[in-house]
Amino acid sequence: MELIRPAFDPRAYLGVVYSLARLPLAFFYFVLLVIGISLSFSLIWVLGIGIPFFLLLLGITWWAVIFERELGTWWFGFSLRPMAISLPASSGSWARLVAFIRNPVTWKGLAFAALQVPIGLAIGIGFWAGIMLAVGLVAAPFLFAIGAISAQPGDPSYNAVGLGDSPATFPLLVVLAVVGVVIAIGLLHAGRAVVVFYEFLARTMLGVSQAQLDLVGAQGAVVVEQARAERSEQDRRQLVVNMGHEIRTPIASIRGHAEALLDGAGRPSEEETRRYLEVIQRETERLGALVDDLLVVARGEAGELRLDLRPVDVGAVAGEVVAALGPIALRDRKVKLVARLPETVVPAAWADRDRLVQVLMNLVRNGIAYTPEGGIVSVSVNAAGDRVDVEVADTGVGIAAEDLPRIFDRFYRADESRSRATGGFGLGLAISRDLVVAMAGSIEVESEPGTGSRFTVRLRAVQPQGVA
Ligand code: ADP
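Computed from a predicted model, the values in this text were never measured in an experiment.

## Some details on the overall build of the chain
Scanning the chain from N- to C-terminus turns up 12 helices and seven strands. In terms of C-alpha radius of gyration, the chain reaches 43 Å, well past the compact-globule figure of 23 Å for 468 residues. Taken along its principal axes, the extent of the C-alpha atoms in the chain is 150 × 70 × 35 Å. Sorting the 468 residues of the chain into buried and exposed places 37% on the buried side. Contacts in the chain between residues far apart in sequence, at least 24 positions, make up 76% of those at least 6 positions apart. When the accessible area of the chain is evaluated, it comes to approximately 26500 Å², of which 64% is carbon and sulfur surface.

What follows is the structure, encoded as structure tokens:
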């Protein structure tokens, strides 16, 4: 059964056709190489004209090899690696030519073409001869029978077909026909073997090596890593510039007020002294807050933002933040702060409790700062599938569409004058996002100028046991 299996395998028939095609291809490669190489070598002495001829030969072989690959992949599904490592689209024709000449596949393709002459001839001749033999042997008894039917005793053809002198001819021919069938089946087996052999040949000669691919992958990773390092270096430089810029204003203010206090000539009144000292105190506090923020940024940069992730009751955290900031919001800004906690049980979320408090404080403080008197800032907690969402929404000034994508950037302020007046450095949202991302969550914003903003912190939900 195993022996006649190829008779039912379409690949075996294709393999035979493929093997038959090796013969004309072997002639093609023979002519190509003989003409190409002899022209190149004989003309190399004539002003080097042989060199372009040789390149032409390489080019034609390249296309022939593409044809061979297509044939293999199209008919038999050969899985081959690419023939060349792709160059950047910007490379010029000279760079492409150099890459072509340096590509090992160009030369392996030439060797493949050269190998096709002996191998193709052997396989092609073998298969053509085998097929003719098999067809001849299988057809012989039929031809004999036809001859026998039409021949009469006494006809010259009666003896010619052998009926007259040797009646044993027909059984002998039948035996030979069986031999023909065996040869045909053998050819089908061989056809399958030829396909396997050519897949091996094509894989080793008509594609770049795995080592080359790995090298390119590693080089790509190095380029990406370099770009990342450069970007982070640039970010760091930018951070230092921005920091200097930010620190200058409060320091100038502190120095100005301190000088006014120390200035013996125009000694300020007691009330002025108190006001100046209050300014100095406020600015010092701001600088302290900036340093704290910068430390968080620096730790994040250095990958040292170690969070203590545990299951956290987000509703309780939101309630605490609202309780802490509510009275101040009402007293200082006439803004009402409300907590909208869900009636159903919300699962705990993976978070660092203190950092989550910091994030929500940031968002709520912003909401209060950018909401005019009489407005409302609400904090709500919702379970959403495998997440727990915290929303901080306000009825404030909102954020223009063009600022929305940038408000999470460090030191970015949508409205310089307004946010400077609120005392922020434009770091709060950047830090909040870093923290939330470190908790494997995300932070999003929707806003409409004049109507209000809504920040949503999405955290991963956990089972409600062991809540922090
Ligand atoms: P800042 O310290 O300036 O508030 P943030 O990083 O917290 O810095 O915010 C960046 C910018 O985003 C702010 O300067 C402000 O323009 C805008 N912004 C943040 N929250 C709100 C909000 N709730 N409503 C309107 N604008 C906001």
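Don't stop here, the text continues.
## Observations regarding helix H8 (residues 270–301)
Each turn of an α-helix holds 3.6 residues, which means side chains three or four residues apart point in the same direction. With 32 residues, H8 ought to run about 46 Å at 1.5 Å a step, and its terminal C-alpha atoms sit 46 Å apart, in line with that. Looking only at H8, the buried set comprises Tyr276, Val279, Ile280, Glu283, Leu287, Leu290, Leu294, Val296 and Val297. On its buried face, H8 is in contact with helix H7 (210–262), helix H10 (353–369) and helix H12 (428–438). Directly after H8, the chain includes Gly303, whose backbone phi takes a positive value near 70 degrees.

## So, a nonpolar patch on the surface
A cluster of nonpolar side chains, namely Phe30, Val31, Val34, Ile35 and Leu39, defines an oily patch on the protein surface of about 410 Å² accessible area. Summarising the element assignment, Val31 is placed in helix H1 (residues 10–43). Judged by its relative accessible area of 43%, Val31 is partly exposed.

Rules used throughout
Residues numbered from 1 in each chain as written. Predicted model: local features only at pLDDT ≥ 70, side-chain atom pairs only at ≥ 80, totals over all residues. Heavy atoms only, no water. Helix = DSSP H or I, 4+ residues; strand = E, 2+ residues; numbered from the N terminus. Rg over C-alpha atoms; globule rule 2.2 N^0.38 Å. Buried < 20%, exposed > 50% of the residue type's maximum accessible area, 1.4 Å probe, protein only. Contact = heavy atoms within 4.5 Å. Areas by Shrake-Rupley, 256 points an atom, 1.4 Å probe, with all protein chains shown as cover. Expected span 1.5 Å × (residues − 1). Patch = residues over 30% accessible without salt bridge, like charges linked within 9 Å, V, L, I, M, F, W, Y side chains within 5 Å. Salt bridge = Lys/Arg side-chain N within 4 Å of Asp/Glu carboxyl O.

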